[in-house]
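Understanding the architecture of this molecule
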Amino acid sequence: MVILAASGIAAWAAGGWRLKTWIGASGAVLGCAVGIAASVPALLGGASPSLRLPWDLPLASFSVAIDSLSSFFLLPVFGISALAAIYGAGYDRPSPEHPRPSGFSWLWFNLLVASMAMVLVSRNGILFLMAWELMTIASYFLVTTHDERPQVRRAGRIYLIAAHAGTACLLVLFLLLGAHESLDFDRFSAAGPGAAAGAGTIFILAIVGFGVKAGFIPLHVWLPEAHPAAPSPVSAVMSGVMIKLGIYGLVRTISFLGEPPLWWGWVLLVIGLVSGVLGVLYALAQHELKRLLAFSSVENVGLIAMGLGLGLIGMARHSPLLLALGLGAALLHVMNHAIFKALLFLGAGSVIRSANTGEIEHLGALLKRMPMTGATFLVGAVAVSGLPPLNGFVSEFLLLLGAFAAVGTDKLPVGIAGVAVIAGVALTGGLAVACFARVFGIVFLGAPRTEAAGSASEANALMRAPMLVLAAACVVIGLASPWLLPILARVLPVVTTLPPDVPAPDLVSVRPALLGTSILGGVFLALLFLIHGWRSLLLRRRSVRDAVTWDCGYARPTPRMQYTASSFAQPILGLFAPMLGTKVSSVKPLGIFPPRASLETATPDSFRERVFRPIFVEIDRFLASVRRIQEGRVQVYVLYIALTLLALLAYQFVRNP
Amino acid sequence: MSVWGFPTLAGSLVLAPLFLGIVNRTKAAFGGRSGQPLLQVYFDLAKLIRKGAVYSRTSTWVFSAAPAASLAAALSALLLLPLAGFPAVLSFPGDLLLFTFVLATSRFLTIVAALDVGSSLEGMGASREAAFSALAEPVLLLGLAVAAREAGRDSLAGIIGNVTAADWQRAGPAFVLVAASLFAILLAENARIPVDDPNTHLELTMIHEVMILDHSGPDLALLLCGSVLKLWVMAALLAGLLLPGRTGFPVLDGLMFLAGMFALAVAIGIVESTIARLRLDRVPQFLVGAGAFAVMALALIMR
């Protein structure tokens with residue numbers, strides 16, 4: 001961590017982009033490597049290191065520790081950040097099309113990584129909040145890297161406001177938790193169920209405060225603004241890792257609160273269902289690559305919330321299997337989403353850098369020009385759709401196993417939760433297939449739709465390597481899940497509180513199921529390659545011709561005649577139109593020789609438009625009236641001070657006469 | 001892993017094209033035609049596999065990966081399915097989820113392959129396939145959830161062939177509802193009327209057929225083989241859910257299974273002959289209706 005901070009500052013101080021990039025990136029990678037080495041032992045069952053130093057801030061102490069939960073989240077933080085740093089070094093390198101480096105700030109990037117790690121290891125409320133704020137500020141400056149563009153400045157502002165609204169909740173949360181004179185985390189858990197009186201309030205505050213960072217609908221408004229505005233390696237870190245710290249905070253808070261009542265599970269489950277389905281629908285409606293990926297993050301956070309909800313229901317109903325499967329699925333999905341979403345954002349970054357646009361309708365045929373980016377993007381797209389044999393499926397599989405177990409129980413509320421999860425996950429998965437088949441098909445396949453797309457070129461080696469590593473990770477986790485299960489199982493005891501008479505959650509018991517999945521996944525891949533090879537063998541001595549695409553005898557197809565991304569999404573969006581509020585403006589072709597026709601669709605975030613905009617307009621109006629008392633004359637301010645003092649004196653006088 | 005699954009696996013590979021042949025003959029009989037030979041699908045496969053191929057200039061390796069994936073997925077699903085009283089080759093808890101999702105993987109690749117040639121016809125088919133299968137997937141899983149709850153286990157081995165007469169007496173209405181909903185999904189997922197029309201190649205109303213317009217030769221053979229097998233496994237799943245449990249005599253089990261499959265093929269043929277294809281904007285209602293059946297079945301058994 002110290003290395004990260006130091007190298008960040010060094011990179012800032014160093015002159016010339018070459019030196020800056022080198023110091024910044026290598027410092028980040030080195031810091032992450034040290035971090036991974038430090039956090040892995042805790043996950044593999046070794047001792048959890050901890051450190052406590054006195055600190056003369058009130059209620060604070062410099063207390064850090066790494067337990068298995070921290071360690072599980074530290075892994076993606078360091079892993080993804082290191083890869084993003086390598087990618088960033090390539091991204092920052094000037095090329096013929098981009099003569100100047102992007103001005104990507106290594107100072108803030110490395111500080112962001114360091115602060116994320118600090119959030120995960122801190123064991124004191126004050127320290128946690130300081131790291132949390134540093135993380136917000138560092139990411140704010142990264143989001144506003146390109147602050148010459150107005151929409152980037154706007155995105156930064158929305159992000160800052162949203163993040164601080166969340167932090168305000170966290171402040172109250174920690175004050176409530178720390179009612180027992182200390183803000184050290186180990187005191188919270190010792191206080192345990194005793195704090196149950198205010199537990200409901202604390203839980204709601206945690207949902208709001210951490211939910212803003214995680215991107216639960218309707219608190220997700222900053223995500224689709226900030227992710228497209230940030231440079232791509234930053235989006236990868238923010239979307240892959242940073243929003244997961246919201247999940248971490250929530251899980252950590254739950255671990256303080258002891259046994260949850262049933263309704264907590266339901267709250268998370270409903271949030272998860274709404275975020276999952278609406279997130280993917282919004283993603284499907286987007287025209288910009290990174291904005292689409294941001295909405296897809298909302299969807300995946302929804303899946304994670306569904307898992308947490310199911311786990312909490314299991315905890316409330318003393319069902320160890322449900323608890324293990326729900327929480328296990330949620331945690332594994334945290335890891336999986338970090339991997340494939342980082343991969344997709346890096347791929348999107350390569351596309352945007354080489355084609356100069358992220359508009360899906362302006363791209364096409366990039367697989368031919370960028371074979372490696374395209375192939376790894378395909379892996380990411382299949383993984384994010386939750387399809388076997390890749391990693392996204394494994395976590396959805398655990399979640400659905402949990403849901404099937406819930407349906408099988410005799411308790412009606414649990415059964416209904418199971419049905420809701422099955423329907424929700426299946427619908428989300430089906431829509432994700434549509435969404436990512438659309439993205440990959442339109443962006444990477446077909447014919448190039450514009451000049452820029454036709455002249456794109458493959459990303460440089462520094463950018464390709466991290467994508468390759470991430471794609472490999474998708475396959476490895478997909479196929480090796482049974483062997484990773486014990487690691488996941490070690491994280492659960494940190495979170496769960498069950499009465500002593502209930503057996504501990506046993507995640508390892510689902511190992512046969514995962515073993516079957518990986519065998520079948522392997523069989524599927526083997527069959528795929530065998531059949532494909534057999535087909536190539538058959539065709540070797542036959543006539544194989546290239547021809548124009550068959551368009552019912554029409555021999556001169558042009559790229560403009562291709563199906564567009566908007567038309568592709570239309571049937572689904574039409575079905576869910578009432579929930580989305582897509583705006584359509586069109587000029588219909590009229591007459592025999594129609595002179596001009598156009599169609600525009602835009603799907604703005606209806607929560608931003610309908611919920612937050614009115615609220616903020618009201619706040620603005622209220623604050624405008626408050627502003628009248630602030631008029632710039634020193635004498636008036638002195639008067640305010642005097643009046644305040646007088647009022648306080650009067651108050652004291654009335655209270656203790 | 002069970003070696004006893006392999007004979008039924010081989011049997012399935014041999015008989016699956018015949019299933020489609022029976023469906024086609026039934027439709028011909030209802031149309032007053034003598035119809036194509038029962039073995040026509042075998043002839044088609046043999047012909048296609050001996051041909052060369054023509055590829056669109058816009059297409060990439062994704063285009064040729066999709067047919068292989070479609071066959072590989074159908075074969076993988078077949079490995080998981082216990083048939084005719086014999087165990088499946090592979091069986092583990094939760095295999096019914098893999099059964100569903102491995103077919104979804106092949107669907108993903110077929111959709112992107114359709115977008116690969118850059119034709120608006122194929123794009124349209126791909127878009128419809130994506131939309132309708134997104135709705136069909138929850139229904140299939142909910143139907144399987146009913147079966148899993150009834151069996152008390154979440155593996156296909158626990159669900160299939162374990163239904164007894166007592167179960168029918170106890171939860172008969174739920175079974176009927178699930179059967180109806182799964183039958184609807186079977187029709188939708190396999191490009192059958194009333195959702196899709198397997199006979200039209202160049203109408204704007206079709207879904208599956210238009211997606212594979214540009215595939216030719218061995219690629220088309222693989223796709224045909226994949227879709228024939230998919231029809232077979234989904235029909236076998238439905239038959240396995242409805243037919244009562246093992247009698248103990250393998251021959252009797254086998255005959256009963258074959259009779260069930262024959263009846264299903266005829267039933268599909270009858271539905272295809274007597275019902276008109278739905279207008280496209282009615283298809284979601286059809287699928288949501290099937291979903292409502294599955295949810296009602298769940299409500300019946302969970303109350």
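1. Some points on the overall build of chain A
- Within chain A one finds 25 helices and 5 strands.
- Here the contacts in chain A between residues at least 6 apart in sequence split such that 79% fall between residues at least 24 apart.

2. Quick word on the overall build of chain B
- When helices and strands are tallied, chain B shows 11 helices and 1 strand.
- Along chain B, helices and strands appear, N-terminal first, in the series α-α-β-α-α-α-α-α-α-α-α-α.
- Taken over C-alpha atoms, the radius of gyration comes to 19 Å for chain B, in line with the 19 Å a tight globule of 303 residues would show.
- Oriented by its inertia axes, the alpha-carbon framework of chain B measures out at about 60 × 40 × 40 Å.
- Residues classed as buried in chain B amount to 61% of the 303 residues present.
- Across chain B, the fraction of contacts at a sequence separation of at least 24, relative to all contacts at a separation of at least 6, is 80%.

3. Quick notes on the interface of chain B and chain A
- Counting residues at the interface gives 69 residues for chain B and 69 residues for chain A.
- Broken down by secondary-structure element, the contributors of at least two residues to the side of chain B that touches chain A are β1 (53–56), α3 (61–80), α4 (95–116), α5 (120–151), α9 (217–242) and α11 (283–302) of chain B.
- Counting residues per element, the side of chain B that touches chain A draws most heavily on α5 of chain B, at 18 residues.
- For the side of chain B that touches chain A, a count of residues per class yields 45 nonpolar, 14 polar and 10 charged.
- The pairing of strand β3 (residues 544–547) of chain A with β1 of chain B spans 4 bridges and is parallel. Each residue of the ladder has a partner; that of R545 of chain A, found in β1 of chain B, is V54 of chain B.

4. A short note on the confidence of the model for chain B
- Considering every residue of chain B, the mean pLDDT works out to 87; 97% of them sit at 70 or more.
- Predicted complex, confidence summary: ipTM 0.93, pTM 0.91.

5. Some words on the pairing of strand β1 (residues 50–54) of chain A
Residue and element names in this part refer to chain A.
- Among the 5 residues that make up β1, 0 are buried, leaving the element largely open to the surroundings.
- By the bridge criterion, 5 bridges tie β1 to strand β2 (residues 61–65) in an arrangement that is antiparallel. Within β2, the residue paired with L51 across the bridge is V64.

6. Some remarks on the nonpolar core
- Counting 343 residues, the largest nonpolar core has M116, L284, A342, I422 and C474 of chain A together with A145 and A235 of chain B as its most contacted members.
- Ranked by residues supplied to this core, first place goes to helix α13 (residues 320–355) of chain A with 23 residues.

7. Remarks on the packing of helix α7 (residues 165–189) of chain B against α11 of chain B
All names here are of chain B.
- Their axes nearest at 8 Å, the elements α7 and α11 cross at an angle of 155°. It follows from the interaxial angle that α7 and α11 lie roughly antiparallel. Judged by the twist between their axes, the crossing of α7 over α11 is left-handed. The residues of α11 that touch α7, namely those facing A171, P173, A174, L177, V178, A180, S181, A184, I185 and A188, are F286, L287, A290, F293, A294, M296, A297, L300 and I301.
- The residue makeup of the contact of α7 with α11, split by class, is 18 nonpolar, 1 polar and no charged.

8. Re the environment of A89 of chain A
All names here are of chain A.
- Mapping A89 onto the fold places it in helix α3 (residues 68–92).
- A tally of 23 C-beta atoms within 10 Å means that A89 is categorised as buried.
- Separated by 503 residues in the primary sequence, A89 and I592 place their C-alpha atoms 56 Å from one another.

9. Comments concerning the domain arrangement of chain A
- The domain architecture assigned to chain A consists of domain 1 (259–498 + 510–531 + 561–577) and domain 2 (606–655).
- Once you take the C-alpha centre of each, domain 1 of chain A and domain 2 of chain A turn out to be 46 Å apart.

10. Looking at α4 of chain B
Residue and element names in this part refer to chain B.
- When the terminal C-alpha atoms of α4 are compared, their 32 Å separation across 22 residues agrees well with the 32 Å that a helix rising 1.5 Å per residue should span.
- Burial analysis of α4 places 21 of its 22 residues in the buried class, the great majority of the element.
- Following α4 by one or two positions, G118 has its phi on the positive side, about 70°.

11. Points about the packing of helix α12 (residues 289–316) of chain A against helix α16 (residues 391–407) of chain A
Residue and element names in this part refer to chain A.
- Contact geometry for α12 and α16: axes closest at 10 Å, N-to-C directions at 35°. In terms of crossing hand, the pair formed by α12 and α16 is left-handed. Residue-level contacts link L303, M306, G307 and L310 of α12 to E396, L399, G402, A403 and A406 of α16.

12. Describing α5 of chain B
Residues and elements named next belong to chain B.
- The terminal C-alpha atoms of α5, which comprises 32 residues, lie 46 Å apart, in line with the 46 Å expected from a rise of 1.5 Å per residue.
- α5 sits mainly inside the fold: 31 of its 32 residues count as buried.
- Where α5 terminates, the next one or two residues include G152, which has phi positive at roughly 75°.

13. Thoughts on the environment of S106 of chain B
All names here are of chain B.
- Relative to the assigned elements, S106 resides in helix α4.
- The exposure class assigned to S106 is buried, which follows from the 27 C-beta atoms found within 10 Å.
- Between the alpha carbons of S106 and A74 there is a distance of 8.4 Å; along the sequence they are 32 residues apart.
- Beyond its immediate sequence surroundings of up to four residues, S106 is in contact with A69, S70, A73 and G226.

14. Thoughts on the confidence of the model for chain A
Residue and element names in this part refer to chain A.
- Residue-level pLDDT values for chain A average 83, and 90% of them are 70 or greater.
- Looking over chain A, one finds the lowest element-wise mean pLDDT in helix α1 (residues 2–13), namely 50, and the highest in helix α15 (residues 371–384), namely 93.
- Note on residues 10–16: pLDDT under 50 across the span, and 13 contacts to partners over four residues away in sequence or across chains.

15. Comments concerning unusual backbone geometry
- Here the bond from P388 of chain A into P389 of chain A is cis, since omega is 5°, no more than 30 degrees from zero.
- Relative to the helices and strands, P389 of chain A resides in the loop between α15 and α16.
- Of note, the phi angle at A191 of chain B is positive, near 55°, even though the residue is not glycine.
- Turning to its location among the elements, A191 of chain B is positioned in the loop between α7 and α8 (208–211).

16. Topic: the environment of I615 of chain A
All names here are of chain A.
- Residue placement: I615 occurs in helix α24 (residues 606–626).
- Given 9 C-beta atoms within 10 Å, I615 falls into the exposed group.
- Measuring from C-alpha to C-alpha, the distance between I615 and A305 comes to 26 Å, with 310 residues separating the pair along the chain.

Conventions and cut-offs
Residues numbered from 1 in each chain as written. Chains lettered and ligands numbered in written order. Predicted model: local features only at pLDDT ≥ 70, side-chain atom pairs only at ≥ 80, totals over all residues. Helix = DSSP H or I, 4+ residues; strand = E, 2+ residues; numbered from the N terminus. Contact = placed C-beta atoms within 7 Å. Rg over C-alpha atoms; globule rule 2.2 N^0.38 Å. Buried ≥ 20, exposed ≤ 12 C-beta atoms within 10 Å, placed from the backbone. Nonpolar A, V, L, I, M, F, W, Y, C, P; charged D, E, K, R; others polar. Pairing = 2+ DSSP bridges. pLDDT = per-residue confidence, 0-100. Core = buried A, V, L, I, M, F, W, Y, C linked by C-beta atoms within 7 Å. Axes fitted to C-alpha atoms, helices over the stretch in contact; angles between N-to-C directions. Parallel < 35°, antiparallel > 145°, perpendicular 65-115°, else oblique. Left-handed = near helix turned anticlockwise from the far one by under 90°. Domains from an automatic or database assignment. Expected span 1.5 Å × (residues − 1).

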